[in-house]
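# Observations on the three-dimensional arrangement
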Amino acid sequence: MSYTAKVLEQAIKRNPHEPEFHQAMTEILTTLQPFVDSHPEYERAGVLERLVEPERVIMFRVPWVDDAGKMQVNKGYRVQFNSAIGPYKGGLRFHPSVSLSIIKFLGFEQIFKNSLTGQPIGGGKGGSDFDPKGKSDREVMAFCQSFMTELFRHIGQNTDVPAGDIGVGGREIGFMFGQYKRLANSFEGVLTGKGLVYGGSLARTEATGYGLVYLTDEMLRQHGKSLEGKTVVISGSGNVAIYATQKVQQLGGKVLALSDSNGYIYDAEGIDLAAVKDIKEIKRGRISEYKNYRPKAVYTEGTGIWNVKCDVALPCATQNELGETDAKTLVKNGCIAVGEGANMPTTAEATEVFLQNKVLFAPGKAANAGGVATSALEMSQNSMRASWSFDEVDQKLKVIMVNIYNNIAAAAKEAGQEDNFVAGANIAGFKKVAEAMILQGAI
Ligand code: NDP
Ligand code: 2IT
C-alpha cells in the first residue's frame, strides 16, 4: 500500500463521521500520490500524517438572547489547521449546516489554497451553525459579539486572522471587529473584509468573484479562447456569484442564470446585476423576486440550474452542488470550461466527468483564491498603515490569479498530467507547505 493510501486510511478511521473532511482528504491525497511516491523525504518526515491533523481545534458555546428575550445557544468552531507558512488564515461560515466535518474540510483546503496565493498565510477556518437568515440586525450583533467573546483569546494579527464566508459579510465582520477591539484593547488587522472606514481594503468585496473570472479567462486564453461572447451560468447569488457576474459582463460574456437555495432564475437577455444587488445586498431577499424587476425572466424552484445550456459554468454557492448527472448534462450541452468559485462544489464523480471529457476545469483552491489573496493584501496594508487604491489592489489581484494559473498548469505538466489542474493545484500547493514543515522540524 502506498504512503498516501496508508495515511488516508488511517485518517478516515481516526476521524469517523466526517464525510466532507474525508472527501477533501481523499481528493488531495489521491492526486498527490505519484508526486509523493517519488519523494521519499516526505514519508521520512511524516509530512502527510501531520498535514491531516489540525494543529488546534477550538469548539465553544455561543449563547445569545433573541428579540423575544429567549436564550439561544449555537455551536462555535475555529480549526487552526496549519501555520507552516504564516498565521492561520481563512473565513468564518455561519450556516445551519455547519459541522466540525465541514469546517475541517474547508480548513484543509485552505492550507493548499493559501500556499498557491504566494502570500505568507497558513490555513484555518471557523464558523457556527447560527443561521443569519431572517434575524434582525440586533440579533446578528448579539450573536457576533458572543461568538467573538470566546474567539478573541485564540486569534490576533500574527496568530490567526479570520474573514468572511457563507453568511458572513461586511455587517458580521464589523460587529466581530468591534467586539475584538474592546476585549483585546487593540486596534489591529485581526480580521479581513473590514469596512473601508476602519481598515478594510478596496476591492476585497469584489476579489473572490473577480479573481475567479480572471483565472477562468486566463485558462481559456491559454487554450486559444476567452470569455468574450460566451454564455455563462453561475450558481448562488451571494458575494462570490455577484462579483463573478460583474466581471464576466465586463469581459463581454453573458450571464444567463443565478440561483439561491430555493431556486434559480433564467434571463435570456443576460442577468440585470443591479436588480440582483438590490435584492441580495440591500433587501436580503430571495432570487425569485428577480421577476419583479424583469418580468420576462423565468424562475424555477429547486436545484436544476445546471440544466441551463452554457459555454462556461461557475459554481459559486456551496459544497457538492454539482453532481455527476449535472456534469454529464453540462458536457452534453457543450460546456467548455468550469471554474469553481465555491469550495468543493463539484463532487469527485462530476470532476471525473469533466476531466474525461476534456472540459477545462479550474478547482476552487486555485480559482477562488483571489479572496484570501486580497485578504493578505489587506493585512499588508494594515501592517503598513497604508491604503492602496482600488486599481492598485485589482492589478495585484490579476497578477496573482495569472501566476496561480501558470503555476498549477506547470505543476500539472511536470507531473505528466497536462491540463489536469486538480493535480496541478494540489501538487503546487503542497510543495511549499511540505518544505516549510520539513525546515521547521517536528512541528
Ligand atoms: P454568501 O453567503 O454571500 O452566498 C452564498 C450563496 O450560496 C447564496 O446564494 C446561498 O443561497 C447559496 N447557498 C449557500 N448554501 C447553500 C446550500 N446549502 N444550497 C444551495 N445554495 C446555497 O457566501 P459567499 O458568496 O461568500 O460564498 C459562496 C461560496 O464561495 C462558498 O462555498 C464559500 O466557501 C466560497 N468562497 C467564498 C469566499 C469569499 O471571499 N466570500 C472566498 C473563497 C470561496 P441562500 O441565500 O438561499 O442560502
Ligand atoms: O474560502 C475562502 O478562501 C474564504 N472564505 C476567504 C478567506 C479569507 O481569509 O479571506
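Residues numbered from 1 in each chain as written. Chains lettered and ligands numbered in written order. Predicted model: local features only at pLDDT ≥ 70, side-chain atom pairs only at ≥ 80, totals over all residues. Heavy atoms only, no water.

So, on to the sheet that holds strand β7 (residues 254-259). Overall, mixed pairing links the 7 strands, which are arranged β9-β8-β7-β6-β10-β11-β12 in an open sheet. Edge positions in the sheet fall to β9 (298-301) and β12 (360-362), since each of these pairs with one other strand and no more. Ignoring strand direction, the axes of neighbouring strands in this sheet form an average angle of 15°. Taken together, the 4 bridges between strand β6 (residues 231-235) and strand β10 (residues 312-315) define a ladder with parallel strand orientation. Residue pairing across strands places Val233 opposite Ala313, the latter belonging to β10. (Pairing = 2+ DSSP bridges. Helix = DSSP H or I, 4+ residues; strand = E, 2+ residues; numbered from the N terminus. Axes fitted to C-alpha atoms, helices over the stretch in contact; angles between N-to-C directions.)

All right, on to helix α16 (residues 390-414) then. Note that an α-helix has 3.6 residues per turn; residues three or four places apart therefore point the same way. With 25 residues, α16 should cover 36 Å at 1.5 Å per step; its first-to-last C-alpha distance of 36 Å lies within 8% of that length. Of the positions making up α16, those classed as buried are Val393, Asp394, Leu397, Ile400, Met401, Ile404, Tyr405, Ile408, Ala411 and Ala412. Two residues or fewer after α16 comes Gly416, characterised by a positive phi angle close to 75°. (Expected span 1.5 Å × (residues − 1). Buried < 20%, exposed > 50% of the residue type's maximum accessible area, 1.4 Å probe, protein only.)

Right, let's get into the packing of helix α8 (residues 204-221) against α16. Contact pair α8 / α16: the axes reach a minimum separation of 9 Å and the direction vectors enclose 45°. In terms of orientation, α8 and α16 fall into the oblique class. Crossing geometry of α8 relative to α16 is assigned as right-handed. Contact residues: Glu206, Ala207, Tyr210, Gly211, Tyr214, Leu215, Glu218 and Met219 in α8; Phe390, Asp394, Leu397, Lys398, Met401, Val402, Ile404 and Tyr405 in α16. Tallied by class, residues from the contact of α8 with α16 come to 11 nonpolar, 1 polar and 4 charged. (Parallel < 35°, antiparallel > 145°, perpendicular 65-115°, else oblique. Left-handed = near helix turned anticlockwise from the far one by under 90°. Contact = heavy atoms within 4.5 Å. Nonpolar A, V, L, I, M, F, W, Y, C, P; charged D, E, K, R; others polar.)

To continue, consider the site of ligand 2. Looking at ligand 2, there are 14 residues lining it, with Lys89, Lys113, Lys125, Asp165 and Ser375 nearest. At a separation of 3.0 Å, a nitrogen atom of ligand 2 approaches a polar backbone atom of Gly164. At 3.1 Å, a side-chain N or O of Asn343 approaches an oxygen atom of ligand 2. In isolation ligand 2 offers 300 Å² of accessible surface; the protein chains occlude 94% of this area. Taken together, the residues that form the shell around ligand 2 break down as 2 nonpolar, 7 polar and 5 charged. (Near = heavy atom within 4 Å. Polar contact = N/O pair within 3.5 Å; in protein donor to acceptor, adjacent residues only side chain to side chain. Areas by Shrake-Rupley, 256 points an atom, 1.4 Å probe, with all protein chains shown as cover.)

Here we take up unusual backbone geometry. Only a minority of non-glycine residues have a phi that is not negative, and only a minority of peptide bonds are not trans. Its identity as a non-glycine residue notwithstanding, Asn185 has a phi of 55°, on the positive side. Here Asn185 is to be found in the loop between α7 (170-184) and α8. Take Asn185: its relative accessible area is 71%, and that puts it in the exposed class. Residues other than glycine seldom take positive phi values, yet Met344 does so here, at roughly 50°. Locating Met344 in the fold gives a position in the loop between β11 (337-339) and α13 (348-356).

Take a nonpolar patch on the surface next. A contiguous nonpolar patch, built from Val65, Met71 and Val73 and spanning about 270 Å² of accessible area, is present on the exposed surface. Position of Met71 relative to the elements: it lies in strand β2 (residues 71-82). (Patch = residues over 30% accessible without salt bridge, like charges linked within 9 Å, V, L, I, M, F, W, Y side chains within 5 Å. Salt bridge = Lys/Arg side-chain N within 4 Å of Asp/Glu carboxyl O.)

This next bit is on the site of ligand 1. Among the 25 residues in the neighbourhood of ligand 1, the closest are listed as Asp165, Thr208, Ser261, Arg286 and Asn343. Separating an oxygen atom of ligand 1 from a side-chain N or O atom of Lys133 is a distance of 2.8 Å. Backbone polar atom of Ser237 to an oxygen atom of ligand 1: 2.9 Å apart, as the coordinates give it. Coverage of ligand 1 by the protein chains reaches 83% of its 890 Å² of free accessible surface. Sorting the residues of the shell around ligand 1 by element identifies α8 and α9 (239-250) as the ones contributing at least two each. In terms of residue class, the shell around ligand 1 is made up of 5 nonpolar, 13 polar and 7 charged.

Leu215, Val232, Ile234, Val276, Tyr290, Leu314 and Ile404 are the most contacted members of the largest nonpolar core, which totals 47 residues. With 8 residues, α8 is the largest single contributor of residues to this core. Excluding its chain neighbours within four sequence positions, the residues that come into contact with Ile404 are Leu116, Thr117, Leu215, Ala366 and Ala369. Leu8, Phe108, Phe112 and Val433 belong to the second-largest nonpolar core, a separate cluster that totals 37 residues. (Core = buried A, V, L, I, M, F, W, Y, C linked by side-chain atoms within 4.5 Å.)

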